[in-house]
Amino acid sequence: MSNSQDLLQKTGRWKTWEYPLWILALALPVILPSHALIINEIAIVALFALSLDLILGYTGIVSLGHAAFFGMGAYSAALFAKLVMPDPLVGLVFGMATATVLGALCSATILRGTDLTRLMVTLGVCLILGELANKMSWLTGGADGLEGVVMGPLLGKYDFDMFGRTSALYSLSVLLVLFVLARRFVNSPFGATLKAIRDNRLRAMAIGISVNSRLAVVYTVAAALAGAAGALLAQTSGFASLDLFEFHRSADVMLVLVVGGVGWLYGGVAGAIVFKLMQDAISSITPQYWTFWIGMFLVVLVLVGRERLIRPWTWLKPRSTGSHS
């Protein structure tokens, strides 16, 4: 047991290159103030992808309705700022809390059935919430969206400006804190049992792991992180709309993980950087056809492979299949 704990601690230990990486990330809004808005978007998408990776990459649960928690966090934070108090941090906690409760309630939907069943059920939950937000127009603004969300200064000092520098620093800081917590989570003994469930659920049950309770916990934790991402988006944009519950939100974040890699927390961060920069660059050239080029990139990524894609000189070489005994 001690050897296993030592291995988990070694795996979860921070590498030397990670410290300057995060310092640079936090400094980017100051170094590149003209790009603060896109940096803010990347941080929010990275956090959303991180939340999905907890259930997809580390537990093997496929979901097409992860936007339900994203939208819940966004609307909760926006309504809290508009009706209760405009403090960003308190609103963020409230958005995470409501998404956590929703995740706990919805966790029962992933404990039974096959992957196809889970896909349909999770998608159904997202569609229901979207329709509820549409019908409750007296509270949510309906199809027009929830407007007039004005946030107070961050920590009582830093106002949210139209250039997005405060927003970017805020979102990056929240991303870093939740990334550290998620890293400790997946590299704990509990996280090791999640990987065992992902690899072979029947074997995990046979050795005494309580599969259902662990699936419910990780699904709830992932919902909390997705709620935080949604809350950040609503707070930094000052707006929440039905678009937050749309299918493309769940699909896009899954594409982000395909690009960056699943089962690796930095996969969501790397995928968010590549996806958002490509989206921004391509849509500025061909606004109507940017999805076509993103699709082409994904096809090439799947055919060539992520490792070979960043090394073009290996494309024409046959893949090494290894020896089979």
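Every chain is numbered on its own, with residues counted from 1 as its sequence reads. Residue-level local features of this predicted model are given only where pLDDT is at least 70; pairs of side-chain atoms are given and counted only at 80 or more, and the full residue set underlies all totals for whole chains, interfaces and linings. Only hydrogens and water are set aside when side-chain values are computed; all heavy atoms of the structure are taken into account.

### Observations concerning the overall build of the chain
Phase 1 of the analysis: In terms of regular secondary structure, the chain is built from 15 helices and zero strands.
Phase 2 of the analysis: Under the scheme applied here, a residue whose accessible area is under 20% of the maximum for its type counts as buried, over 50% as exposed, and between as partly exposed, the area being computed with a 1.4 Å probe on protein chains only. In the chain, which comprises 325 residues, the share counted as buried stands at 47%.
Phase 3 of the analysis: Contacts are assigned to residue pairs with any non-hydrogen atoms lying within 4.5 Å of each other. Taking the intrachain contacts of the chain between residues at least 6 apart in sequence as the baseline, contacts between residues at least 24 apart amount to 75%.
Phase 4 of the analysis: Reported accessibility uses the Shrake-Rupley method at a 1.4 Å probe radius. Residues are deemed covered only where the shown protein chains occlude them. Just so you have it, the chain exposes about 16,800 Å², and 68% of that area is on carbon and sulfur atoms. Each helix is a run of H or I in the DSSP string that is no shorter than four residues. Each strand is a run of E no shorter than two, and both are numbered from the N terminus.

### Some remarks on a nonpolar patch on the surface
Phase 1 of the analysis: Only residues whose relative accessible area exceeds 30% and that form no salt bridge are eligible for patches; like-charged ones are grouped when within 9 Å, while nonpolar side chains (Val, Leu, Ile, Met, Phe, Trp, Tyr) are grouped when within 5 Å. The rule for a salt bridge is simple: a side-chain nitrogen of Lys or Arg has to be within 4 Å of a carboxyl oxygen of Asp or Glu. Together, Leu 24, Val 30, Ile 31, Leu 32 and Leu 169 make up an exposed nonpolar region whose accessible area comes to about 420 Å².
Phase 2 of the analysis: Considering every element that reaches the nonpolar patch, the biggest residue donor is helix H2 (residues 18–31), with three residues.
Phase 3 of the analysis: You can call Leu 169 partly exposed: its relative accessible area is 30%.

### Points about the nonpolar core
Phase 1 of the analysis: For the purposes of this section, nonpolar cores are sets of buried Ala, Val, Leu, Ile, Met, Phe, Trp, Tyr and Cys residues that join through side-chain atoms within 4.5 Å. One finds Leu 47, Leu 54, Phe 69, Tyr 75 and Leu 265 to be the most contacted residues of the largest nonpolar core, which totals 93 residues.
Phase 2 of the analysis: Tallying contributions element by element places helix H3 (residues 36–56) first for this core, with 15 residues.
Phase 3 of the analysis: Beyond its immediate chain neighbours, meaning those up to four positions away, Leu 265 contacts Leu 50, Asp 53, Leu 54, Tyr 58, Phe 179, Ala 182, Arg 183 and Val 186.

### Details of the packing of helix H12 (residues 247–260) against helix H13 (residues 265–285)
Phase 1 of the analysis: As a rule, the C-alpha atoms of each element are fitted with a line to give its axis, helices using only the stretch in contact, and angles between N-to-C directions run from 0 to 180 degrees. Between H12 and H13, the least distance of the axes is 7 Å, while the angle of their chain directions is 105°. When the axes of H12 and H13 are compared, the pair comes out roughly perpendicular. Where H12 abuts H13, its residues Asp 252, Leu 255, Val 256, Leu 257, Val 259 and Gly 260 lie against Gly 267, Gly 268, Gly 271, Ala 272, Val 274 and Phe 275.
Phase 2 of the analysis: Classes in brief: Ala, Val, Leu, Ile, Met, Phe, Trp, Tyr, Cys and Pro nonpolar; Asp, Glu, Lys and Arg charged; the others, Gly included, polar. Looking at the contact of H12 with H13, its residues break down into seven nonpolar, four polar and one charged. Angle categories: roughly parallel below 35 degrees, roughly antiparallel above 145, roughly perpendicular from 65 to 115, and oblique for all the rest.

### Details of the environment of Asp 252
Phase 1 of the analysis: Here Asp 252 shows up in helix H12.
Phase 2 of the analysis: With a relative accessible area of 23%, Asp 252 lands in the partly exposed category.
Phase 3 of the analysis: Separated by 207 residues in sequence, Asp 252 and Val 45 place their C-alpha atoms 9.3 Å apart.

### Considering the confidence of the model for the chain
Phase 1 of the analysis: Confidence along the chain averages 81 in pLDDT terms, with 89% of residues attaining 70 or more.
Phase 2 of the analysis: pLDDT is defined as a per-residue confidence score from the predictor, taking values between 0 and 100. Low confidence marks residues 321–325, where pLDDT is under 50. Its contacts with residues over four positions away, or in another chain, come to zero contacts.

### Quick word on the packing of aromatic side chains
Phase 1 of the analysis: Geometry of aromatic contacts follows a simple scheme: Phe, Tyr and Trp rings, the Trp one being its six-membered ring, pair when their centres are within 6.5 Å, and the pair is stacked under 30 degrees between planes, edge-to-face over 60, tilted otherwise. For the coordinates displayed, the defined rule picks out nine aromatic pairs.
Phase 2 of the analysis: Summarising the aromatic geometry, the rings of Phe 69 and Tyr 219 are spaced 5.5 Å apart at their centres and angled 85° between planes, so their arrangement reads as edge-to-face. Linking Phe 69 in helix H4 (residues 67–83) with Tyr 219 in helix H11 (residues 211–237), this pair joins segments that are 150 residues apart in sequence. Judged on exposure class, the residue Phe 69 and its partner Tyr 219 are both buried.

### Considering the packing of H3 against H13
Phase 1 of the analysis: Closest axis-to-axis distance for the H3/H13 pair is 8 Å, and the angle between their directions is 140°. The angle between the axes of H3 and H13 places the two elements in the oblique class. As H3 runs across H13, the sense of the crossing is right-handed. Of the residues in H13, those touching H3 at Ile 38, Glu 41, Ile 42, Val 45, Ala 46, Ala 49, Leu 50, Asp 53 and Leu 54 are Leu 265, Gly 268, Val 269, Ala 272, Ile 273, Lys 276, Leu 277 and Asp 280.
Phase 2 of the analysis: Grouping the constituent residues of the contact of H3 with H13 by class yields twelve nonpolar, one polar and four charged. By the definition used in this description, the sense in which the near helix is turned from the far one sets the handedness, with an anticlockwise turn below a right angle giving left-handed and a clockwise turn giving right-handed.

### Quick notes on H3
Phase 1 of the analysis: A helix's residues, less one, multiplied by 1.5 Å, set its expected span. Taking 1.5 Å as the rise per residue, H3 with 21 residues should run 30 Å; its terminal C-alpha atoms sit 30 Å apart, in good agreement.
Phase 2 of the analysis: The buried fraction of H3 is high, at 18 of 21 residues.

### Observations concerning the environment of Ala 78
Phase 1 of the analysis: Looking at where Ala 78 falls in the secondary structure, it is placed in helix H4.
Phase 2 of the analysis: Along the backbone, Ala 78 and Pro 88 are ten residues apart, and their C-alpha atoms lie at a distance of 9.8 Å.
Phase 3 of the analysis: If we ignore the near neighbours within four places in the chain, the residues touching Ala 78 are Leu 146, Val 149, Ala 234 and Ala 240.

### A look at the environment of Val 93
Phase 1 of the analysis: Along the chain, Val 93 falls in helix H5 (residues 88–106).
Phase 2 of the analysis: Of the residues examined, Val 93 reaches a relative accessible area of 54% and is grouped as exposed.
Phase 3 of the analysis: The sequence separation of Val 93 and Gly 73 amounts to 20 residues, and the corresponding C-alpha distance is 9.3 Å.

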